[in-house]
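Observations on the model geometry
Each chain, letter by letter, is given below.
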Amino acid sequence: MTKAGPGGQTPLRRRLSGPQNRNLWFWVFVGPFALGLAVFTYVPLGWSLYLSFFDAHNTVSPTDFVGLDNYTSMLGNDAFTDSLWTFAVFSLFIVPTTFALSLALALMVNRIRRAQAFFRSVFFLPAACSYVVAALIWKMSIFNGVRFGLANTVLGWFGADQTAWLSTTDPPWYWLVIVTVRLWLQAGFYMILFLAGLQRISPTLYEAAAVDGAKPGWQVLRHITLPQLRATSIAVALLLVINAFQAFDEFYNLLSDSRGYPPYARPPLVYLYYTALGQGQNLGVGSAGAMILALIIAVVTIGQARWFGLGRKED
């Protein structure tokens, strides 16, 4: 028979609850999040992996095992490989521009001595906006393809012709619309990350640089600020690439209409959406594509982390 310890608790209960019930309070706060993460992330991910090995037309409980056929079908599909190229072009535009803009905003806000909280809130506010709402504003108000659009109105002041921004493929003006809306939505969030990194830099480093004759501006930025922001820069670069892989809302809401989605500028998630939930509802092939995409994201993320030396001890 197990004897109760001090306070009437058994040894097992003491181990579970911890000193002063700290473990209990940990699960009170973390438990709901962990449960939601399991139910809405890990369970669907595991079920998607299961479906990828079956012929799952119009069903989520298939019985016809097909092995790797869904994977070979997806890898041999030109539309899927084209969607990966679309992601590559999108990331080539959005990753460096967001990185540079968010860093510039952080440097500017960090130098402001008055109303810093105001400017920080103003630049961060778009991050709280829905991607769907922002995409519709860009589509209907700013880059509308008729004379009522803001962009065409401004161009008209200079005598330029109206442009169908989202349907013109030569040159591909739709990239301007897609990149600017994503840039507006996420630059403020990454600005906060850079701002937190800047505020951790000791002022004594800048004082020592001034004593050594370093010129304010580029020299200080290159030799002190950027090296001290190395960890933050790596984290921002990783998050930007992962978010670029997951692009869906702005593409779908900007380019789709009553006729469907155009054949150009289909990122992986948009293509998988139409594969799994379109007319064919091929959940097996769609799940295989999702697993391939998840594997690519994992490989790219790990490769980036290794290349940047994330987690490596500083000399």
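Refer to the structure printed above.
From a predicted model like this one, the values you see are computed outputs, not experimental measurements.

One pass over the structure, following the stated rule, counts 2 salt bridges. Note that E250 is salt-bridged to R182, the shortest N-O span being 2.6 Å. Taken as a pair, E250 in helix 12 (residues 249-255) and R182 in helix 8 (residues 174-199) lie far apart in primary sequence, 68 residues in all. When its relative accessible area of 1% is taken as the criterion, E250 is described as buried. The class of R182 is buried, set by a relative accessible area of 3%. The salt bridge partner of D257 is R259, with a shortest N-O separation of 3.0 Å. The partly exposed category is assigned to D257, whose relative accessible area is 37%. Residue R259 is classed as exposed on the basis of its relative accessible area of 76%.

Here we take up the packing of aromatic side chains. The tally for this structure, following the rule as stated, stands at 24 aromatic pairs. Ring centres of W175 and F251 lie 6.1 Å apart, and the angle between their planes is 80°; this geometry places the pair in the edge-to-face category. You can see W175 sitting in helix 8 and its partner F251 sitting in helix 12, a full 76 residues away along the chain. The residues W175 and F251 share a single accessibility class, namely buried. Through successive ring pairs, a cluster of aromatic residues spans F90, F93, Y174, W175, F251 and Y264. Across the ring face of Y274, the terminal group of R266 is positioned such that the distance to the ring centre comes to 5.2 Å.

The next thing to look at is the packing of helix 8 against helix 11 (residues 230-245). Running from amino to carboxyl end, helix 8 crosses helix 11 at an angle of 160°, the nearest separation of the two axes being 10 Å. Here helix 8 is positioned roughly antiparallel relative to helix 11, judged by the angle of their axes. Crossing of helix 8 against helix 11: the hand is right-handed. Residues R182, Q186, Y190, L193, F194 and G197 of helix 8 pack against T232, S233, V236, L239, L240, N243 and A244 of helix 11. Across the contact of helix 8 with helix 11, the residue classes tally to 7 nonpolar, 5 polar and 1 charged.

Along the polypeptide, N70 turns up in helix 3 (residues 69-75). Judged by relative accessible area, N70 falls into the buried class, the value being 8%. Only 2.9 Å separates the side chain of N70 from the backbone oxygen of S52, close enough to count as a polar contact. A distance of 2.8 Å separates a polar side-chain atom of N70 from the backbone oxygen of F54. Other than its neighbours up to four places away in sequence, N70 contacts L51, S52, F53, F54, G284, V285 and A288.

Time to look at the environment of L277. Turning to its location among the elements, L277 is positioned in helix 13 (residues 268-277). A relative accessible area of 53% places L277 in the exposed class. When the C-alpha positions of L277 and N58 are compared, they lie 8.9 Å apart, and in sequence the two are 219 residues distant.

It is worth spelling out the side chain of K139 at this point. By the secondary structure assignment, K139 is in helix 6 (residues 131-142). A polar side-chain atom of K139 sits 3.4 Å from the main-chain carbonyl oxygen of N253. Aside from chain neighbours lying at most four places away, what touches K139 is N144, L166, N253, L254 and S256.

This paragraph deals with unusual backbone geometry. Following D170, the chain continues to P171 via a peptide bond in cis, the omega torsion being 0°. Within the secondary structure, P171 sits in the loop between helix 7 (150-157) and helix 8. Although it is not a glycine, A265 adopts a positive phi angle of roughly 55°. Relative to the elements of secondary structure, A265 occurs in the loop between helix 12 and helix 13. The exposure class assigned to A265 is buried, which follows from its relative accessible area of 6%.

Rules of the game
Residues numbered from 1 in each chain as written. Predicted model: local features only at pLDDT ≥ 70, side-chain atom pairs only at ≥ 80, totals over all residues. Heavy atoms only, no water. Salt bridge = Lys/Arg side-chain N within 4 Å of Asp/Glu carboxyl O. Helix = DSSP H or I, 4+ residues; strand = E, 2+ residues; numbered from the N terminus. Buried < 20%, exposed > 50% of the residue type's maximum accessible area, 1.4 Å probe, protein only. Phe/Tyr/Trp six-rings, centres within 6.5 Å; stacked < 30°, edge-to-face > 60°. Lys NZ or Arg CZ within 6 Å of the ring centre and 35° of its normal. Axes fitted to C-alpha atoms, helices over the stretch in contact; angles between N-to-C directions. Parallel < 35°, antiparallel > 145°, perpendicular 65-115°, else oblique. Left-handed = near helix turned anticlockwise from the far one by under 90°. Contact = heavy atoms within 4.5 Å. Nonpolar A, V, L, I, M, F, W, Y, C, P; charged D, E, K, R; others polar. Polar contact = N/O pair within 3.5 Å; in protein donor to acceptor, adjacent residues only side chain to side chain.

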